[in-house]
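Breakdown of the fold
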Amino acid sequence: MHHGDEDEAEIRDHVLRTWEAWGRGDARAYAGLFAPEVDYVAFDGSIARGRAEVERSHAELFASVLRGTCLRGEITDVRRLGAEAAVAHAIGGAVWPWQRGIPADRLSRQTYVLVREGEGWTIAAFHNTRVRPTPPPGSLGFKLFAWFVALRLRWAGR
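Here we come to the overall build of the chain. The secondary structure content of the chain amounts to 4 helices and 6 strands. Traced from its N-terminal end to its C-terminal end, the chain shows the element sequence α-α-β-β-α-β-β-β-β-α. Relative to the globule expectation of 15 Å for 158 residues, the C-alpha radius of gyration of the chain, 19 Å, shows a markedly less compact shape. Reported as C-alpha extents along the three principal axes, the dimensions of the chain are approximately 60 × 40 × 30 Å. Residues counted as buried form 32% of the 158 residues belonging to the chain. Restricting the contact set of the chain to residue pairs at least 6 apart, pairs at least 24 apart contribute 48%.

As structure tokens, then:
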């Protein structure tokens, strides 16, 4: 295995360790896999700045609305950005113990920006976005929305 393959395996392992810490409800271990100055954007657009804020917010979540959840999904790709950085993408979501799979309305896509830290990696930035596809051009939904936009522009005198 050449160095790039080894790095990709380490990066995938690092991301999976965040999922494992989440599944244990361990906010400290979870936050510890992110850089001290991480920018962490949640699915709702809120941002936590710094590892301490990620730990505090997740301790609250794991004790309440996300208690007992695990993360399910897959890492879809890893791409190197030079020798010291990489971007990884995943798709998945949080699942409660009574659920068999990820509910369609909670499916999310994640972007991880990782940087080399000593012998390993850390997550410098994270962004989580709900998957909400818009209707494709040519579809009825697209045409209806285009009609609505044209109508509103006419009302606005544009």
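And the narrative resumes.
Turning to the nonpolar core, a few remarks are in order. Judged by nonpolar contacts, the single largest core of 27 residues is most densely connected at Y40, Y112 and L114. At the level of secondary structure, the elements contributing two or more residues to this core comprise helix 1 (3-24), helix 2 (27-32), strand 1 (34-41), helix 3 (51-62), strand 3 (70-80), strand 4 (85-95), strand 5 (108-117) and strand 6 (120-130). In terms of residue count, the dominant contributor to this core is helix 1 (5 residues). In this structure Y112 touches V15, T18, W19, A86, V87, A88, A90, I123, A125 and F126, once residues within four positions along its chain are discounted.

This paragraph deals with helix 4 (residues 140-155). The terminal C-alpha atoms of helix 4, which comprises 16 residues, lie 23 Å apart, in line with the 22 Å expected from a rise of 1.5 Å per residue. Trailing helix 4 by a residue or two, G157 shows a phi angle of about 75°, which is positive.

Next up on the list: the sheet that holds strand 2 (residues 47-49). If you walk across this open sheet you meet the 6 strands as 2-1-6-5-4-3, and the pairing is mixed. Two strands bound the open sheet, and with one partner strand each, they are strand 2 and strand 3. Direction aside, the axes of adjacent strands within the sheet are offset by 20° on average. Running over the sheet, helix 3 touches strand 1 and strand 2 and is turned about 60° from strand 1.

About the thresholds
Residues numbered from 1 in each chain as written. Predicted model: local features only at pLDDT ≥ 70, side-chain atom pairs only at ≥ 80, totals over all residues. Heavy atoms only, no water. Helix = DSSP H or I, 4+ residues; strand = E, 2+ residues; numbered from the N terminus. Rg over C-alpha atoms; globule rule 2.2 N^0.38 Å. Buried < 20%, exposed > 50% of the residue type's maximum accessible area, 1.4 Å probe, protein only. Contact = heavy atoms within 4.5 Å. Core = buried A, V, L, I, M, F, W, Y, C linked by side-chain atoms within 4.5 Å. Expected span 1.5 Å × (residues − 1). Pairing = 2+ DSSP bridges. Axes fitted to C-alpha atoms, helices over the stretch in contact; angles between N-to-C directions.

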